[in-house]
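# Examining the three-dimensional arrangement
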Amino acid sequence: MTQDHEQQGGTDHSGQASAPGAQTAGGQPQRPRRVRVHHLRQAKDEGRPITVLTSYDALTAGIFDHAGIDMLLVGDSIGNTMLGMTSTIPVTVAEMVPAVRAVSGAAQRAMVVADLPFGSYESSPDQCLATAVRMVKEGGAHAVKFEGGAHLAEHVRLLTRSGVPVVGHLGFTPQAENVLGGKRVQGRGHEAADRLVSDAVALAEAGACALVLEMVPAPVAARVTGVVDIPTIGIGAGPDCDGQVLVWTDMAGMTSWSPRFARRFGEVGEELSRAVRDYAGAVQDRTFPGPEHSFQE
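Values in this document were obtained by computation on a predicted structure and should not be read as measured data. (Residues numbered from 1 in each chain as written. Predicted model: local features only at pLDDT ≥ 70, side-chain atom pairs only at ≥ 80, totals over all residues. Heavy atoms only, no water.)

## Observations regarding the UniProt feature "binding site: 3-methyl-2-oxobutanoate" (unreviewed entry) in the protein
The line we're drawing: UniProt positions are given in the numbering used here, feature names are shortened, and annotations may be inferred rather than shown by experiment. Cavities and pockets are defined on a 1 Å grid built over the protein atoms alone: a cavity is a set of grid points where a 1.4 Å probe fits but cannot escape, while a pocket is an open set with protein on both sides within 12 Å along at least five of seven lines, and lining residues are those with an atom within 4 Å of any such point. Here a helix means four or more residues in a row that DSSP labels H or I, a strand means two or more in a row labelled E, and each is numbered from the N terminus. Each residue gets one of three labels from its accessible area relative to the maximum for its type: buried under 20%, exposed over 50%, partly exposed in between, using a 1.4 Å probe on protein chains only.
Feature annotation in UniProt places "binding site: 3-methyl-2-oxobutanoate" (unreviewed entry) on D76, S77, D115 and K145, given in this structure's numbering. In summary, the annotated positions, though distributed over 70 residues, converge in three dimensions, the widest C-alpha pair being only 12.4 Å. Checked against the lining of the largest cavity, the annotated residues reduce to K145. With respect to the helices, strands and loops of the structure, K145 is situated in strand β4 (residues 143-145). By relative accessible area, which is 3% here, K145 ends up buried.

## Comments concerning the sheet that holds strand β8 (residues 243-246)
Short version of the rule: Strand pairing is defined by DSSP finding a minimum of two bridges between the two strands. All axes are obtained by fitting lines to C-alpha atoms, using only the stretch in contact for helices, and the reported angles, taken between N-to-C directions, cover 0 to 180 degrees. In this description, contact between two residues means that some pair of their heavy atoms is separated by no more than 4.5 Å.
Spatially, the 8 strands close up into a barrel ordered β1-β2-β3-β4-β5-β6-β7-β8, and their pairing is parallel. When the angles between neighbouring strand axes are averaged without regard to direction, this sheet yields 25°. Bridge count between strand β2 (residues 71-74) and strand β3 (residues 111-115): 4 bridges; the pairing is parallel. Considered in β3, the bridge of L73 is made with V113. Lying over the sheet, helix α4 (residues 93-106) contacts β2 and β3, oriented at roughly 160° with respect to β2.

## Considering the pairing of strand β5 (residues 166-171)
Taking burial as the measure, the 6 residues of β5 include 6 buried ones, the bulk of the element. Residues V166, G168 and L170 line one face of β5 and the alternating positions V167, H169 and G171 line the opposite face, and both faces are buried. For β4 and β5, the ladder comprises 2 bridges, and the chain directions are parallel. If you follow V144 over to β5, its bridge partner there is V166. Sheet analysis places β5 next to strand β6 (residues 210-214), joined by 5 bridges and oriented parallel. Note on β6: the bridge partner recorded for H169 is V212.

## Examining the UniProt feature "binding site: Mg(2+)" (unreviewed entry) in the protein
As annotated by UniProt and renumbered to match this structure, "binding site: Mg(2+)" (unreviewed entry) occupies D76, D115 and E147. In terms of the greatest pairwise C-alpha distance, the residues named above, spread along 72 residues, form a tight cluster of at most 11.1 Å across. For the largest pocket, the lining residues drawn from the annotated set are D76, D115 and E147. Within the secondary structure, D115 is located in strand β3. By relative accessible area, D115 is classed as buried at 3%. Those residues in contact with D115 that sit more than four places away from it in its chain are L73, V74, G75, D76, M96, M135 and K145. Residue placement: E147 occurs in the loop between β4 and α6 (153-161).

## Describing the pattern of salt bridges
Applied cut-off: Note on definitions: salt bridges are taken to be side-chain nitrogens of Lys or Arg within 4 Å of carboxyl oxygens of Asp or Glu.
The tally for this structure, following the rule as stated, stands at 14 salt bridges. For D70, the salt bridge identified is with R109, shortest N-O distance 3.1 Å. Here D70 is found in the loop between α2 (58-66) and β2, whereas its partner R109 is found in the loop between α4 and β3, with 39 residues between them in sequence. Each member of the pair, D70 together with R109, is buried. The partner of K145 in a salt bridge is D115, with the nearest N and O atoms 2.7 Å apart.

## Considering empty space enclosed by the protein
To find leftover empty space, one rolls a probe the size of a water molecule over the atoms. This is how it is decided: Grid points are joined across faces, edges and corners, and a volume is the space filled by probe spheres set on the points.
Scanning the entire structure with this criterion turns up 1 cavity of 30 Å³ or more. A volume near 70 Å³ is recorded for the largest cavity. Every residue lining the largest cavity is listed: V52, M71, L72, L73, V113, K145, V167, V212 and I233. The leading source of residues in the lining of the largest cavity is β2, at 3 residues.

Quick look at the structure:
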């Protein structure tokens, strides 16, 4: 994806994006140019897929950023993946802010998007703005994401006018799973599909900079992608969205189970388990620490 040409120290003399670890003529490290809102629209216009992963800490954020991921979503999925919760619903703003700060501090290039957790934005545009400001000021986020359709258009307008980019989220919205009857595909049938398209148009017209489509039939997601002028980011929404997002633990194979829509691009969980077993065995048979790991007088 094209990056921000205005980032100081982020281009070489040819105006091309800096490679990780590149240096300026004076020998100082170059900072990669930040992915910005206008780059998302440019990617859609040029047909270049946008890459997105979740991240909840500085270590993974640095790895994903260095690998060239365009957007890092500090999702309320932190509840399921990191905090031992059974859903995203219990996650609080106080739990989100440190994670957002960690990711934004480590990511030099990727656009960092912070989820607004359940109960922190729904009641009014003013409540939404107050929570979003915390994510930006305290967490360092570059944009926020929240779930819901046309009824939240005024929330999007206020945040956008106030300088906070908004990513919408339609289809299966995990915070509403109790109303939706569980983790179910959304947008099936003509009426449901039309309603989803209408919601997408309303959010785009209100000023959203991108739109996550989760667990939506592929033809419906393709229809939304063709109708709105902002990028769509799919997760279980087929191949025709403008970009794709996965929860990183699903992508990397950290658990024994992953959703149907997630492809496991590695088996990091099994490799970590092997390393832990090897470590425990080395401690137990006293082969670790060895002389090379010890200090002498």
